[in-house]
Amino acid sequence: MSGVNYVTKETLDQMREELQQLKTSGRAEIAHQIAEAREKGDLRENAEYDAAKEAQGHHEAKIAQLEGVIASARILEVKDIDVSKVSVLSKVKVTNLNTKKSFEYQIVSETEADLKAGKISVTSPIGKGLLGKEVGEVAEVTAPSGVIKFKIENISI
């Protein structure tokens, strides 16, 4: 991930808690697994040891990734959101002009994206297409199935 990652204070707190857990009990658990596997004999033929070392590598990569996200995170307060145009953390009601169906999305950072909850990433094709648009404007989004046109119906917090 590159650039600034806009998140709510709650999301940043959750990421910090997860990082703390990964660094403490997570590392301790993996160290225990490695020690247990090491006791089982010859390390050249020990699949458990290899698996534990691989798990340690994945664990450390996750820690590094989370540290990077936290380092680039900027807290965005709800009171700072401009509802005259679509921006990060705003909720936008759109109508798909092809299907005439309406949807409501909240534009969020990559780490907070959850389509089932109606939260789409600011870096997704739809998120990029909606960003900066005002009520009444039509956003054209290029998708694998072709160009989709969304009319901005409402912007809120």
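Residues numbered from 1 in each chain as written. Predicted model: local features only at pLDDT ≥ 70, side-chain atom pairs only at ≥ 80, totals over all residues. Heavy atoms only, no water.

A. Geometry of the overall build of the protein chain. Each helix and strand in the protein chain was counted, giving three helices and seven strands. Shown N-terminal to C-terminal, the secondary structure of the protein chain runs as helices and strands in the order β-α-α-β-β-β-β-α-β-β. Its C-alpha atoms put the protein chain at 70 × 35 × 25 Å along the principal axes. The contacts of the protein chain with a sequence gap of at least 6 include a subset with a gap of at least 24, amounting to 50%. Roughly 9,700 Å² of accessible area belongs to the protein chain as shown, and the carbon and sulfur atoms make up 51% of that amount. (Helix = DSSP H or I, 4+ residues; strand = E, 2+ residues; numbered from the N terminus. Contact = heavy atoms within 4.5 Å. Areas by Shrake-Rupley, 256 points an atom, 1.4 Å probe, with all protein chains shown as cover.)

B. Region of the structure containing helix α2 (residues 47-72). Across its 26 residues, α2 extends 38 Å between first and last C-alpha, which sits within 8% of the 38 Å expected from 1.5 Å per residue. Buried residues along α2 sit in contact with β1 (5-7), α1 (9-38) and β2 (73-75). In this structure Asn46 caps α2, since a side-chain oxygen of it lies 3.1 Å from the backbone nitrogen of Glu48. (Expected span 1.5 Å × (residues − 1). Polar contact = N/O pair within 3.5 Å; in protein donor to acceptor, adjacent residues only side chain to side chain.)

C. Spotlight on a nonpolar patch on the surface. A cluster of nonpolar side chains, Val78, Val83 and Ile157, forms an exposed patch at the surface whose accessible area comes to about 230 Å². Looking at the secondary structure, you find Ile157 in the segment after β7 (146-156). Judged by relative accessible area, Ile157 falls into the partly exposed class, the value being 46%. (Patch = residues over 30% accessible without salt bridge, like charges linked within 9 Å, V, L, I, M, F, W, Y side chains within 5 Å. Salt bridge = Lys/Arg side-chain N within 4 Å of Asp/Glu carboxyl O. Buried < 20%, exposed > 50% of the residue type's maximum accessible area, 1.4 Å probe, protein only.)

D. The packing of aromatic side chains, seen in detail. What the rule picks out here adds up to one aromatic pair. When the centroid spacing of 6.0 Å and the interplanar angle of 15 degrees are considered together, the rings of Phe103 and Tyr105 count as stacked. (Phe/Tyr/Trp six-rings, centres within 6.5 Å; stacked < 30°, edge-to-face > 60°.)

E. Seen up close, the sheet that holds strand β4 (residues 102-108). Taken together, the five strands give an open sheet; going across it, the order is β5-β4-β3-β7-β6, and neighbouring strands pair in mixed fashion. The open sheet has two edge strands, β5 (119-121) and β6 (138-143), and neither has a second partner. For this sheet, the mean inter-axis angle between neighbouring strands, taken without regard to orientation, is 45 degrees. (Pairing = 2+ DSSP bridges. Axes fitted to C-alpha atoms, helices over the stretch in contact; angles between N-to-C directions.)

F. Focus on the pairing of β4. By the bridge criterion, five bridges tie strand β3 (residues 91-96) to β4 in an arrangement that is antiparallel. Its bridge partner lying in β4, Lys91 is registered against Gln106. Between β3 and β4, which follow one another and run antiparallel, lie five residues, and Lys100 among them has a positive phi close to 65 degrees. Pairing between β4 and β5: three bridges, direction parallel. Residue Gln106 lies in a different strand from β5, and its bridge partner there is Lys119.

G. Broad picture of the packing of α1 against α2. Their axes nearest at 10 Å, the elements α1 and α2 cross at an angle of 165 degrees. On the basis of their axis angle, the class for α1 and α2 is roughly antiparallel. Handedness of the α1/α2 crossing: left-handed. Here the contact of α1 with α2 is built from residues that sort into 14 nonpolar, four polar and ten charged. (Parallel < 35°, antiparallel > 145°, perpendicular 65-115°, else oblique. Left-handed = near helix turned anticlockwise from the far one by under 90°. Nonpolar A, V, L, I, M, F, W, Y, C, P; charged D, E, K, R; others polar.)

H. Representation of the nonpolar core within the structure. Residues Val86, Val92, Val94, Ile107, Leu130 and Ile152 are the most contacted members of the largest nonpolar core, which totals 19 residues. If you tally residues by element for this core, the top one is β7, at four residues. Val94 has contacts with Lys101, Ser102, Phe103, Tyr105, Leu130, Phe150, Lys151, Ile152 and Glu153, leaving out every residue within four places of it along the chain. Leu19, Leu22, Val69 and Ala73 belong to the second-largest nonpolar core, a separate cluster that totals ten residues. (Core = buried A, V, L, I, M, F, W, Y, C linked by side-chain atoms within 4.5 Å.)

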